[in-house]
2 protein chains.
Amino acid sequence: MQDRKQPMALNQLIVERLMHYYHLVAEQIEINASGYVSSAQIAHLLDMDDTLVRKDLAAIGVRGRPRVGFSTNGLMDAVRETLGFNEHYNAVIVGAGRLGGAIASYAGFGKYGLDVVALFDSDPARVGDVLRGIPVEHVDRMEEVIKQHGVRSAVITVPAEAAQPLADRLVASGVRAIWNFAPTSLVVPPGVFVRHEHISVGLAELAYYLKRNDLGGGHI
Amino acid sequence: MQDRKQPMALNQLIVERLMHYYHLVAEQIEINASGYVSSAQIAHLLDMDDTLVRKDLAAIGVRGRPRVGFSTNGLMDAVRETLGFNEHYNAVIVGAGRLGGAIASYAGFGKYGLDVVALFDSDPARVGDVLRGIPVEHVDRMEEVIKQHGVRSAVITVPAEAAQPLADRLVASGVRAIWNFAPTSLVVPPGVFVRHEHISVGLAELAYYLKRNDLGGGHI
DNA sequence: TAGATTGTTAATCGATTAACAATC
DNA sequence: TAGATTGTTAATCGATTAACAATC
C-alpha cells in the first residue's frame, strides 16, 4: 500500500548525514572533475562505513553506477529535492541582538529554501536597523507580518525569559517550525516542530573532555 | 581490574541527557521544595522512559532512595563533578564579530567551569572593544596569550575560510578542545576534540519539516 | 572477461525498554 | 505491613556493519 511517491520520513540522524554528504560533495566538485564519487570515498572522508552511505543514498532514491559511483550532481539534486531546498519558505527571526544578527547574516538561509522576510526586536533602539537588507521591526508588528507573508517558520534569539511567550504568539499566528536558541525549553502544541540549540551542551562537552583528559592547563 | 575511581567514559548522548536532567532539576528546585525528585517525574517532563533516567544516574554514581527519589542537590552535584563544572579551564574565543560577541556574552561559561580569558580578532577596528569585561586583542597575540594562560580550549567564530589555519595555530599552541561555529570541517591531529556546530543542519531540518508537512505557507 | 562498485539481505552491536526483585 | 520507588538483569528495538550477489 506504500505509495512510491510518499517516501518514509527520514530521522534526524539521516538528515544530518545527508547534509554531510552534500557539503562534502559540494567541496569535492572543484577538486574532482569526473562528476562521480564512490560510497567508499565519501565514507573514508567522513570516517564511516561505506554501506551506510549507500543505504542513506538509496533511501532518498539516488542510484549509483557499479564500477563508477554516484553522480555528484545527482546526489546533490536528490538531497536538495528531498530536504526541500528547492521550495521557498518564509521565515522570521525574533530577537535582533548579536545572536539574531549573526544568524541573519549567515549566508545559508536562501541556499536551504528559507527566505528571511522580517526581524523583530522589542528594543526601540534596534528598530530600523538593517541586517542583510532587512529592516528590524518592532515585535508588536510580529503577528501582522507573519500572517501577511504566510510565515510558517521562525528563529528565536531572545533571552530565556522572553522565549515562551513569544513562542506562544508565533504558534498562534501560524508558525509550525521553530529554531530555538534561547537557553530554555519551549512548550508547544502537537504538530509544531522545535529544534532546540543547546549552547550549554557544547560547553558541557568541552568541560567534560578537558576533565577526562586532565587538561587542567592554566588556572588555579 | 576496573578501578572504582576511573568510571567509564560517557558518550555524547548521555552527556546531553545529563544536561537536560541538570537544567530540569535546577528549575524544579524553586517549585518543588521537597529536595527530592523521582526518575518517573524527570522522565515524564522530558518525555522519556524512567528506566533510562535511573540508568544514567547510576552511571554517574547517584544513588536514589526507594519511595523517595533522588536528592536534587545530590543529582546536581554529581553532574557538576562528573562533567567537570567544578574545575576551572581557561578558554579563548577566536573571532569577535556578532557571533563571537553573542557567545562571549552568554552567561553560561563560568557555570560550566570555563573561564574566557581572551577574545581575538584580525580586524584592527575591533581590537580594543570590550565584551563582558574582556578586551578584544589582535589575533597576532593569540599564541602568546594561550601559552601564558595555559589555555586548552577555544571557540572558533570566524568565517569558514579562516577557520582551518586558526585551528592549526590553536593546536600548535596547546589547545586540545575546539568548539567550531565556522561552517567548515576542521582537520586536527588525534587527541584533539572538535565539536562542530552545524548551523546548516538546523536550517535543513526546518526546511525538511516544512516540506514534509506541506507548509508552503507564503511565497511563490 | 575480470574486476570494481553498487544494492540488499543477514548478522551484529549498542541503546532503550520491560520485567521484576530489592529496599525502605 | 503495604506500597512506592529504586536498581539491575533480561528482552527488545533500531541503527550500523558484514557478507555477498548483481551489475556494468
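Cut-offs used in this document
Residues numbered from 1 in each chain as written. Chains lettered and ligands numbered in written order. Predicted model: local features only at pLDDT ≥ 70, side-chain atom pairs only at ≥ 80, totals over all residues. Heavy atoms only, no water. Pairing = 2+ DSSP bridges. Helix = DSSP H or I, 4+ residues; strand = E, 2+ residues; numbered from the N terminus. Contact = heavy atoms within 4.5 Å. Axes fitted to C-alpha atoms, helices over the stretch in contact; angles between N-to-C directions. Domains from an automatic or database assignment. Near = heavy atom within 4 Å. Polar contact = N/O pair within 3.5 Å; in protein donor to acceptor, adjacent residues only side chain to side chain. Nonpolar A, V, L, I, M, F, W, Y, C, P; charged D, E, K, R; others polar. Least-squares fit on C-alpha atoms with pLDDT ≥ 70 in both. Salt bridge = Lys/Arg side-chain N within 4 Å of Asp/Glu carboxyl O. pLDDT = per-residue confidence, 0-100. Buried < 20%, exposed > 50% of the residue type's maximum accessible area, 1.4 Å probe, protein only. Parallel < 35°, antiparallel > 145°, perpendicular 65-115°, else oblique.

Chemist: Sorry if this is basic, but what is going on with the sheet that holds strand S6 (residues 134–138) of chain B here?
Modeler: Whenever strands of a sheet pair, they do so through backbone hydrogen bonds, lying parallel or antiparallel. All names here are of chain B. If you walk across this open sheet you meet the seven strands as S5-S6-S4-S3-S7-S8-S9, and the pairing is mixed. For this open sheet the edge positions go to strand S5 (130–131) and strand S9 (193–196), each flanked by a neighbour on one side alone. The pairing of strand S8 (residues 177–180) with S9 spans four bridges and is classified as parallel. If you follow Ala177 over to S9, its bridge partner there is Phe193. Across the sheet, helix H5 (residues 98–105) is in contact with strand S3 (89–94), strand S4 (114–121), S5 and strand S7 (153–156); its angle to S3 comes to roughly 155°.

Chemist: Help me understand the domain arrangement of chain A in this model?
Modeler: Interface size, as often reported, equals the accessible area lost upon joining of the parts. When the domains of chain A are assigned, the result is domain 1 (12–83) and domain 2 (89–201). The centre of domain 1 of chain A, based on its C-alpha atoms, is set 32 Å off from the matching centre of domain 2 of chain A.

Chemist: Got a minute to help me understand the protein's contact with DNA strand C in this structure?
Modeler: Within the structure, DNA strand C sits among 21 residues, and Ser39, Arg54, Gly64 and Arg67 of chain A together with Lys55 of chain B are positioned closest to it. Atoms of DNA strand C within 4 Å of the protein: sugar and phosphate make up 49%, bases the balance. Taking Arg17 of chain B, its side chain carries an N or O atom lying 3.1 Å from a phosphate oxygen of DNA strand C. Those elements giving two or more residues to the surface near DNA strand C turn out to be helix H3 (50–59) of chain A together with helix H3 (50–59) of chain B. By residue class, the composition of the surface near DNA strand C is five nonpolar, seven polar and nine charged.

Chemist: Please explain the relation of the copies chain B and chain A as it appears in this structure.
Modeler: What relates the pair of chain copies is a rotation about an axis plus a shift along that axis. Of the two same-sequence chains, chain B is brought onto chain A (RMSD 0.0 Å, axial shift 0.0 Å) by a rotation of 180°. Given the turn and translation reported, the copies of this chain are related as if by a two-fold rotation axis. Judged by C-alpha distance, Arg98 of chain B is the residue of chain B that lies nearest the rotation axis, at 2.5 Å. Taken as a fraction of all interface residues of chain B, those also at the interface in chain A reach 100%, which identifies the copy contact as same-surface.

Chemist: Explanation requested: the interface of chain B and chain A in the structure shown.
Modeler: Opposite the 67 residues of chain B that make contact, chain A presents 67 residues. For the pair chain B and chain A, the interface holds six salt bridges. With its nearest N and O atoms 3.0 Å apart, the salt bridge here joins Arg195 of chain B to Glu205 of chain A. Top contributing element to the side of chain B that touches chain A by residue count: helix H9 (residues 199–212) of chain B, with 14 residues. Among the residues making up the side of chain B that touches chain A, the classes are represented as 33 nonpolar, 22 polar and twelve charged.

Chemist: How do you make sense of the confidence of the model for chain A when you look at a structure like this?
Modeler: Interpretation of the predicted coordinates at a detailed level should be avoided for regions scoring low in pLDDT. Residues and elements named next belong to chain A. Per-residue confidence for chain A gives a mean pLDDT of 92, with 95% of residues at or over 70. Within chain A, strand S7 (residues 153–156) carries the highest mean pLDDT (98), whereas helix H6 (residues 108–111) carries the lowest (91). Taken together, the stretch residues 1–5 has pLDDT below 50 and engages in one contact with residues farther than four places along the chain or on a different chain.

Chemist: How do you make sense of the side chain of Thr72 of chain B when you look at a structure like this?
Modeler: Residue and element names in this part refer to chain B. By secondary structure assignment, the location of Thr72 is in helix H4 (residues 72–83). Exposure remark for Thr72: the relative accessible area of 6% places this residue in the buried category. Ignoring any residue separated from it by four or fewer positions in sequence, one finds Thr72 in contact with Val25, Ile29, Gly35, Tyr36 and Val37.

Chemist: Explain the packing of helix H1 (residues 12–31) of chain A against helix H2 (residues 39–46) of chain A to me, please; I cannot follow it from the model alone.
Modeler: In helix packing, the relevant descriptors are the interaxial angle and the interaxial distance, both defined with respect to the helix axes. Residues and elements named next belong to chain A. At their nearest, the axes of H1 and H2 sit 11 Å apart, and the two run at 105° to each other. Relative to H2, the element H1 is oriented roughly perpendicular. Mapping the contact onto sequence places His20, Tyr21, Leu24, Val25 and Gln28 in H1 and Ile42, Leu45 and Leu46 in H2. Tallied by class, the residues present in the contact of H1 with H2 amount to six nonpolar, two polar and no charged.

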